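One letter stands for each residue in the lines below.
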Amino acid sequence: QTGINIMLQIIKSYHKIYPLTEQEIDIVWIAAMTRILTSVLFASEKIALHPENREYLEVHAKPGWKLLEQYADIDPKEM
């Protein structure tokens, strides 16, 4: 969750100087979540191809899935 908090602080600071539109806020959020989703999907593919490395490959995938589940229904404008 620290990564999300850092991202939010950066966006809020930027927004104070250069106000973002609602659409821009949505796009930043979608881009961040898409990046996390891409990462966990690549990990899932690698796990399927190399199940012997599952433990190693899940090191980053598990927190990514948890984060996506946690923020799935959140409106970025309310953060």
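Criteria and thresholds
- Residues numbered from 1 in each chain as written.
- Predicted model: local features only at pLDDT ≥ 70, side-chain atom pairs only at ≥ 80, totals over all residues.
- Heavy atoms only, no water.
- Helix = DSSP H or I, 4+ residues; strand = E, 2+ residues; numbered from the N terminus.
- Expected span 1.5 Å × (residues − 1).
- Buried < 20%, exposed > 50% of the residue type's maximum accessible area, 1.4 Å probe, protein only.
- Arc of directions from axis to C-beta.
- Contact = heavy atoms within 4.5 Å.
- Phe/Tyr/Trp six-rings, centres within 6.5 Å; stacked < 30°, edge-to-face > 60°.
- pLDDT = per-residue confidence, 0-100.
- Patch = residues over 30% accessible without salt bridge, like charges linked within 9 Å, V, L, I, M, F, W, Y side chains within 5 Å.
- Areas by Shrake-Rupley, 256 points an atom, 1.4 Å probe, with all protein chains shown as cover.
- Salt bridge = Lys/Arg side-chain N within 4 Å of Asp/Glu carboxyl O.

What to know about helix α1 (residues 2-17)
- Look at α1: 23 Å from first C-alpha to last across 16 residues, which is about the 22 Å you get at 1.5 Å a residue.
- Buried within α1 are the following residues: I4, M7, L8 and I11. Take α1 and look down its axis: the buried residues cluster within an arc of 100 degrees, on one side only. Facing away from the buried side of α1 by more than 90 degrees, the exposed set consists of T2, I10, K16 and I17.
- Those residues of α1 hidden inside the fold are in contact with α2 (22-49) and α3 (54-71).

Structural notes on the packing of aromatic side chains
- As enumerated under the stated definition, the model contains 2 aromatic pairs in all.
- A ring pair is formed by W29 and Y71, whose centres lie 5.7 Å apart and whose planes are at 70 degrees; its orientation type is edge-to-face. Here W29 is found in helix α2, whereas its partner Y71 is found in helix α3, with 42 residues between them in sequence.
- According to the relative accessible area criterion, W29 is buried, its value standing at 8%.
- On the basis of relative accessibility, which here comes to 6%, the residue Y71 falls in the buried class.

Observations concerning the confidence of the model for the protein
- On average, residues of the protein carry a pLDDT of 88, and 96% of them reach 70 or more.
- Model confidence for the protein, summarised as mean pLDDT per element, is weakest for α1 at 87 and strongest for α2 at 92.

Concerning a nonpolar patch on the surface
- Residues Y14, I17 and Y18 make up a contiguous nonpolar surface patch of roughly 370 Å² in combined accessible area.
- If you trace the backbone, Y18 turns up in the loop between α1 and α2.

Regarding the pattern of salt bridges
- Taken as a whole and judged by the stated rule, the model has 2 salt bridges.
- Across the salt bridge formed by E58 and R54, the nearest N and O atoms sit 3.0 Å from each other. On the criterion of helical spacing, the pair formed by E58 and R54 is a turn pair, its members being 4 residues apart in helix α3.
- Notably, a salt bridge pairs E58 with K62, separated by 3.6 Å at the nearest N-O pair. Linking E58 with K62, this pair stays in helix α3, spanning 4 residues, or about one helical turn.
- When salt bridges that share partners are traced, they join R54, E58 and K62 into one network.

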